[in-house]
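Secondary and tertiary structure notes
Listed below, chain by chain, are the residues.
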Amino acid sequence: SHGSRTLTVYKHNQLLLKSARQSVKRGEPIALLGTSGRTSKGPHLHFEVWKDGVPQDPREYLLAPSTIQ
């Protein structure tokens with residue numbers, strides 16, 4: 001949970017590096033990619049953003065590589 005009624009969900013991880021409610025800084029790894037899922041064809045990440053209980057387009061929340069500090 002990020003406050004402001006925003007929640008992110010990460011699925012299909014091989015290993016979680018952070019626990020629920022643990023603070024993280026931008027660029028800090030939170031998990032290792034996994035291969036779980038019925039149709040998995042290799043390591044991948046399932047990433048969801050929810051705001052006010054409504055799924056959002058996660059591309060609106062990602063930074064372009066050149067803007068990461």
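For the structure itself, look to the data block above.
Just so it is clear, the structure is predicted and the values come from calculations on it, not from any experiment.

Topic: the packing of aromatic side chains
Evaluation of the coordinates by the stated rule reveals one aromatic pair. Plain terms: the ring middles of Tyr 10 and Phe 47 are 5.1 Å apart, the flat faces sit at 35° to each other, and that makes the pair tilted. With Tyr 10 in strand β1 (residues 6-11) and Phe 47 in strand β4 (residues 46-51), the pair connects residues that are 37 residues apart, well separated along the chain.

Considering the environment of His 44
Along the chain, the position of His 44 falls in the loop between β3 (31-33) and β4. Taking the C-alpha atoms as reference points, His 44 and Asn 13, separated by 31 residues in sequence, lie 8.0 Å from one another. When near neighbours in sequence (up to four residues on either side) are disregarded, His 44 contacts Lys 11, His 12, Leu 33, Gly 34, Thr 35 and Ser 36.

What to know about the pattern of salt bridges
Summed over the entire model, instances satisfying the criterion amount to four salt bridges. For the salt bridge of Asp 52 with Arg 5, the shortest nitrogen-to-oxygen distance reads 2.4 Å. With Asp 52 in the loop between β4 and β5 (54-56) and Arg 5 in the segment before β1, this pair connects stretches of sequence that are 47 residues apart. Residue Asp 52 is classed as partly exposed on the basis of its relative accessible area, which comes to 44%.

Quick notes on the rules
- Along each chain, numbering runs from 1 in the same order as the chain's sequence is written.
- pLDDT decides what is reported in this predicted model: residues at 70 or higher carry local features, side-chain atom pairs at 80 or more are listed and counted, and totals for whole chains, interfaces and linings draw on all residues regardless.
- To get the side-chain values, all heavy atoms of the structure are used, and hydrogens and water are removed first.
- Aromatic pairing here means that ring centres of Phe, Tyr or Trp (its six-membered ring) are within 6.5 Å. Orientation follows from the plane angle: under 30 degrees is stacked, over 60 is edge-to-face, and everything else is tilted.
- Secondary structure follows DSSP: runs of H or I at least 4 residues long count as helices, runs of E at least 2 residues long count as strands, and numbering of each begins at the N terminus.
- Contacts are residue-level and defined by heavy atoms, with any inter-residue pair within 4.5 Å sufficient.
- We define a salt bridge as a side-chain nitrogen of Lys or Arg found within 4 Å of a carboxyl oxygen belonging to Asp or Glu.
- With a 1.4 Å probe rolled over the protein chains alone, any residue whose accessible area is under 20% of its type maximum counts as buried; one over 50% counts as exposed, and the rest are partly exposed.

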